[in-house]
Amino acid sequence: MTKPIGILLLLFAWTTAAAYEYDPDIGEEINEECAGCHSEFGQGGKGGEYPRIAGQPVDYLIRQLHLFQNRERPNLPMVEHVDQRQLPEEDMFQIAQYLNRIELKTKLPPVDDKAPGFDAYARLLESKQIMQVPRAPGNFEKGRRLYRRECAICHGREGWGREKKGVPMLAGQYTSYLWRQVKKFRNRIRLHDEDEPDDELLDDFTDEELRDIFAYLSIVDD
Ligand code: HEC
Ligand code: HEC
């Protein structure tokens, strides 16, 4: 075998070994630990103390888990759940794939509970996968215009994030949680745009403007 081909084969073996294969059972098992705070279907809880994590882009989820693990994004409640022993690289991949695939509904479709074949348990499960953000105060119309002009390019036209670019959804997320992150960005506890750490994207917005944007985002899922 000539040398270059040998090296190519070695490289091939290395890259395929590095890529994990998604296994929903492993994802589900890891999620049992996350569910203690983020709820069974990643819908979050306690009015936004625990954010929704279901349906976020895979790359975004993995990136945040790394940031928590390396203490670059402070998150005390999660510290013991993300250290390398608790959450090795492959588990991050598995849980991110698992959460990304959860589709939360915003409303429960009406059914006839007297009809034959009505399955109360299935209905209960379905009702747990509902998440609708309560309407937040503010001027929706102004918020929509500002959002479209200033945020949509990264967070998507209607705020549902961008999978390929790994940008998180803002629609479908608790308003109180979004505000908490704004404060962290403004205080540089979190970086909004890693490429421009000194130029925080939200510095030019007043609280009133953000209130309007969040009001708009809170009705996108109505
Ligand atoms: C003890 C409670 C707790 C547990 C258990 C927990 N988390 Fe969290 N998680 C939090 C809190 C609180 C935040 C919000 C931190 C903040 O305000 O910045 C958070 C934030 C996150 C975020 C960032 C969300 C975003 O939109 O920025 C991700 C992703 C996340 N958690 C994933 C997980 C995963 C995966 C697990 C299971 C391996 C897990 N968490 C277990 C409490 C918890
Ligand atoms: C240049 C692209 C870009 C623009 C423009 C942008 N964002 Fe972001 N935003 C991001 C990225 C990327 C993240 C994730 C950062 C990370 O990885 O921690 C983010 C995260 C956020 C978060 C935290 C979400 C969470 O789940 O933790 C909030 C809140 C937010 N952006 C609000 C806004 C608002 C409001 C606007 C418009 C005024 C805006 N962003 C404009 C790229 C952008």
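Criteria and cut-off values
- Residues numbered from 1 in each chain as written.
- Chains lettered and ligands numbered in written order.
- Predicted model: local features only at pLDDT ≥ 70, side-chain atom pairs only at ≥ 80, totals over all residues.
- Heavy atoms only, no water.
- Donors = N, O, S within 2.8 Å, 3.2 Å for Na, K, Ca; no water.
- Tetrahedral: all angles 85-135°; square planar, octahedral: opposite > 155°, others 65-115°.
- Helix = DSSP H or I, 4+ residues; strand = E, 2+ residues; numbered from the N terminus.
- Buried < 20%, exposed > 50% of the residue type's maximum accessible area, 1.4 Å probe, protein only.
- Near = heavy atom within 4 Å.
- Polar contact = N/O pair within 3.5 Å; in protein donor to acceptor, adjacent residues only side chain to side chain.
- Nonpolar A, V, L, I, M, F, W, Y, C, P; charged D, E, K, R; others polar.
- Domains from an automatic or database assignment.
- Patch = residues over 30% accessible without salt bridge, like charges linked within 9 Å, V, L, I, M, F, W, Y side chains within 5 Å.
- Areas by Shrake-Rupley, 256 points an atom, 1.4 Å probe, with all protein chains shown as cover.
- Salt bridge = Lys/Arg side-chain N within 4 Å of Asp/Glu carboxyl O.
- Lys, Arg positive; Asp, Glu negative; His and termini not counted.
- Charge placed at Lys NZ, Arg CZ, Asp CG, Glu CD.
- Contact = heavy atoms within 4.5 Å.

Asks: Give a detailed account of the coordination of the iron atom of ligand 2, specifying residues and quantitative values.
Replies: Coordination of the iron atom of ligand 2 by the protein is provided by H155 (NE2) and H192 (NE2), with metal-donor distances spanning 2.0 Å. Coordination at the iron atom of ligand 2 is octahedral, judged from the six donor atoms that bind it and the angles of 85 to 179° they form at the metal. Here the residue H155 occupies a position in helix α8 (residues 152-155), and H192 occupies one in the loop between α9 (175-186) and α10 (207-219), the gap between them amounting to 37 residues. For H155, a relative accessible area of 10% puts it in the buried group. For H192, a relative accessible area of 28% puts it in the partly exposed group.

Asks: Residues and numbers for the site of ligand 2, please.
Replies: By nearness alone, 20 residues border ligand 2, and C151, C154, H155, R190 and H192 come closest of all. Here an oxygen atom of ligand 2 sits 3.0 Å away from a polar atom, N or O, in the side chain of Q64. H155 is positioned with one of its side-chain polar atoms (N or O) 2.8 Å from a nitrogen atom of ligand 2. Counting only elements with at least two residues in the shell around ligand 2, the list comes to α3 (58-69), α8 and α9. Residue contributions to the shell around ligand 2 peak at four residues, all from α9. A per-class count over the shell around ligand 2 returns 13 nonpolar, four polar and three charged. Both domain 1 (21-131) and domain 2 (140-219) contribute no fewer than three residues apiece to the shell around ligand 2.

Asks: Account for the coordination of the iron atom of ligand 1, with residues named and values stated.
Replies: On the protein side, the iron atom of ligand 1 has H38 (NE2) and M78 (SD) as donor atoms, found 2.0 Å from it. For the iron atom of ligand 1, the six donor atoms in the first shell make angles of 86 to 179° at the metal, a pattern classed as octahedral. Here H38 is found in helix α2 (residues 24-38), whereas its partner M78 is found in the loop between α3 and α4 (79-82), with 40 residues between them in sequence. Accessibility assignment for this pair places H38 and M78 in one class, buried.

Asks: Provide a residue-level description of a negative patch on the surface, including the pertinent values.
Replies: Side chains of D195, E196, D198, D199 and D204 sit close together on the surface and give a patch of like negative charge. Relative to the elements of secondary structure, E196 occurs in the loop between α9 and α10.

Asks: Give me the lowdown on the domain arrangement of the protein, citing residues and values where you can.
Replies: When cut into domains, the protein gives domain 1 (21-131) and domain 2 (140-219). Facing 23 residues of domain 1, the contacting portion of domain 2 comprises 19 residues. Applying the counting criterion to the domain 1 and domain 2 interface returns one salt bridge. The residue R63 makes a salt bridge to E194 at a minimum N-O spacing of 3.5 Å. With five residues, the top contributor of residues to the side of domain 1 that touches domain 2 is α3. The residue inventory of the side of domain 1 that touches domain 2, partitioned by class, reads eight nonpolar, nine polar and six charged.

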